[in-house]
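Working through the structure, step by step
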Amino acid sequence: MINKKFTLAKRPIGMPEDDCWDLVESEIPDLLENQILIEVIYLSVDPYMRGRMNDMKSYAEPVKIGGIMVGESVGKVIQSRSEKYNIGDIVTAHLGWQTHIIADDDSLFVRRVFPDLAPIQAYLGVAGMPGRTAYFGLLDVGKLKSEDTVVVSAASGAVGSVVGQIAKLKGCKTIGIAGGPEKCSFIKDEMELDHAIDYKSGNLPEDLAKACPNGIDIYFENVGGEVSNAVAPLMNQGGRVPICGYISAYNSFNPDMDSRDDLPETPFDVFGALDPVPEHRFFVVTEFMNEWDKATKELTEWIRKGDIKYKESVLEGFEKMPEGLRNVLSGKNFGKQLIKI
Ligand SMILES: NC(=O)c1ccc[n+]([C@@H]2O[C@H](COP(=O)([O-])OP(=O)(O)OC[C@H]3O[C@@H](n4cnc5c(N)ncnc54)[C@H](OP(=O)(O)O)[C@@H]3O)[C@@H](O)[C@H]2O)c1
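Residues numbered from 1 in each chain as written. Predicted model: local features only at pLDDT ≥ 70, side-chain atom pairs only at ≥ 80, totals over all residues. Heavy atoms only, no water.

Thoughts on the site of the ligand
To keep things clear, this is the line we draw: Whether a residue is near a molecule or strand depends on its heavy atoms: if one lies within 4 Å, it is near. In the analysis that follows, any N or O atom pair within 3.5 Å is treated as a polar contact, provided that within protein one partner can donate a hydrogen and the other can accept it, and provided that, for residues neighboring in sequence, both atoms belong to side chains. All accessible areas in this document rest on Shrake-Rupley with a 1.4 Å probe, and a residue is counted as covered only by the protein chains that are shown.
Neighbouring residues of the ligand: 27 residues in total, closest V159, K183, Y199, Y250 and N333. Between the ligand and K183 there is a distance of 2.6 Å, counted from an oxygen atom to a side-chain nitrogen or oxygen. Residue Y199 places a side-chain N or O atom 2.6 Å away from an oxygen atom belonging to the ligand. In isolation the ligand offers 910 Å² of accessible surface; the protein chains occlude 91% of this area.

Notes on helix α4 (residues 181-190)
Rules: Per-residue accessibility, obtained with a 1.4 Å probe over protein chains only, is compared with the maximum for each type, and a residue is labelled buried under 20%, exposed over 50%, and partly exposed between these values. Only DSSP runs of H or I covering at least 4 residues are called helices, and only runs of E covering at least 2 are called strands; the numbering of each starts at the N terminus. In this description, one arc is meant: the one made by directions from the helix axis to the C-beta atoms. Any two residues having at least one pair of non-hydrogen atoms within 4.5 Å are treated as being in contact.
Along α4, the positions that sit buried rather than exposed are K183, C184, F186 and I187. Along the axis of α4, the buried positions cluster into a sector of 155°, meaning they face one direction only. Opposite its buried face, α4 presents the exposed residues P181, E182 and D189, each directed more than 90 degrees away. Here the buried face of α4 lies against β9 (173-178) and β10 (195-198). One or two steps after α4, the chain reaches E192, where phi turns positive at roughly 60°.

Digging into the environment of I308
The residue I308 is located in the loop between α8 (292-305) and β14 (312-316) in this model. By relative accessible area, I308 is classed as buried at 3%. Between the C-alpha atom of I308 and that of L169, which follows or precedes it by 139 residues, the distance is 9.1 Å. When residues no more than four places from it in sequence are discounted, the contact partners of I308 are V162, Q165, I166, L299, W302 and I303.

Looking at the domain arrangement of the protein chain
For clarity, the threshold we go by: The split into domains, and so the bounds of each, comes from an automatic or database assignment of domains. Buried area, as used here, totals the accessible surface that two parts lose on assembly, with accessibility defined by a 1.4 Å probe and the loss added over both.
You can read the domains of the protein chain as domain 1 (2-124 + 311-340) and domain 2 (129-289). Taking the mean C-alpha position of each, domain 1 and domain 2 sit 27 Å from one another. Each partner contributes to the interface: domain 1 provides 27 residues, whereas domain 2 provides 19 residues. Counting each side, the surface lost to burial between domain 1 and domain 2 is near 1900 Å², with a carbon and sulfur contribution of 61%.

Some thoughts on the packing of aromatic side chains
As a reminder of what qualifies: Only the six-membered ring of Trp is used, alongside the rings of Phe and Tyr, when aromatic pairs are assigned; centres must lie within 6.5 Å, and planes under 30 degrees apart are stacked while those over 60 apart are edge-to-face, with the rest tilted.
Evaluation of the coordinates by the stated rule reveals eleven aromatic pairs. When the centroid spacing of 5.6 Å and the interplanar angle of 85° are considered together, the rings of F6 and W97 count as edge-to-face. In this pair, F6 sits in strand β1 (residues 2-8) while W97 sits in the loop between β5 (90-93) and β6 (100-104), placing the two residues 91 residues apart along the sequence. Its relative accessible area of 5% is what places F6 among the buried residues.

Topic: helix α3 (residues 158-169)
Stated precisely, the cut-off is as follows: For a helix, the expected span equals 1.5 Å multiplied by the number of residues minus one.
The terminal C-alpha atoms of α3, which comprises twelve residues, lie 17 Å apart, in line with the 16 Å expected from a rise of 1.5 Å per residue. Those residues of α3 that fall on the buried side of the exposure criterion are A158, V159, G160, S161, V162, V163, G164, Q165, I166 and A167. Residues of α3 that are buried in the fold lie against α2 (129-141), β8 (149-152), β9, β11 (216-220), α8 and β15 (336-340). Once α3 ends, the next one or two residues include G171, with phi positive near 90°.

Written out as structure tokens, the structure is:
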């Protein structure tokens, strides 16, 4: 049996093109004791992958040249020399862009998932890492209160759609910002947020001021750039800005940069310059690892009841991984970007 994997061939400048990766095939070895073999069904495509392609200091190590690209997938156990996993079990594995994965049965990167609670690919999206990011970013970092006015960017996306709908469930006034009328219709009509604003329509500051006459208490930051600048003047005293990411700058990371100081304006510049300064900090979902099960349980229950609606963009074929990443970095995706094998 053959495994296919993508390894990093070179560090990108701007949007990562196909020549940044090598597609490598190798024979799958026999399992050792306490190992399992996972046949991947869906791979997740996430914005953070772009950051790992740079050789610079970050909250996580960069991928090495020749190293396997970082990423999570969901698949089926097809061989087992473990007492912990049976053939047929469905698991997520955070072990890179590959079609078959050998893992130790005590690996912290492998988690069992429950197909009867949510579709298996949802464990890469709203019931998985992005959903947990929304959950902890909003409730813990954002310290959500029911009377808050909450604005979220990339609002139809994997993280943003969960942020908006949790805020709505908790009784907040909710405003989603996204690119294009189709995404905005989904936010208004299916996610049922109070307002959806298309930042590409050219009236962002005016539209936002009209939707938030009493200011903004929480801005859940996913994108940075012009959106942060439009939000900033409307932040209320006591406001909070969980900085989850700022995707508009991700392709500005280049191999010759020494530090983040060389980056374009970041949300830290924009919100740090306000008077009073709103509470703002970058957070990583792994800060809350000890509580992940609690979040997954609540998220799958909301999905089951239809309280959290979500979109998926699925490309067919392992070879489409680079295209999937480019889609996420350009907004071509609509909801969680997945690759189906
Ligand atoms: N801190 C953490 O632990 C953590 C974990 C997961 C994700 N994140 C961050 O959360 C954010 C959302 O991630 P996701 O997985 O949910 O992705 P996603 O929202 O499903 O997809 C990315 C979206 O970003 C928007 N976008 C892309 N390029 C943009 C640009 N130049 N300017 C403005 N918007 C742009 C697009 O939406 P529009 O068409 O609406 O613009 C695109 O659909 C990212 O910043 C990511 O890095 C952080």
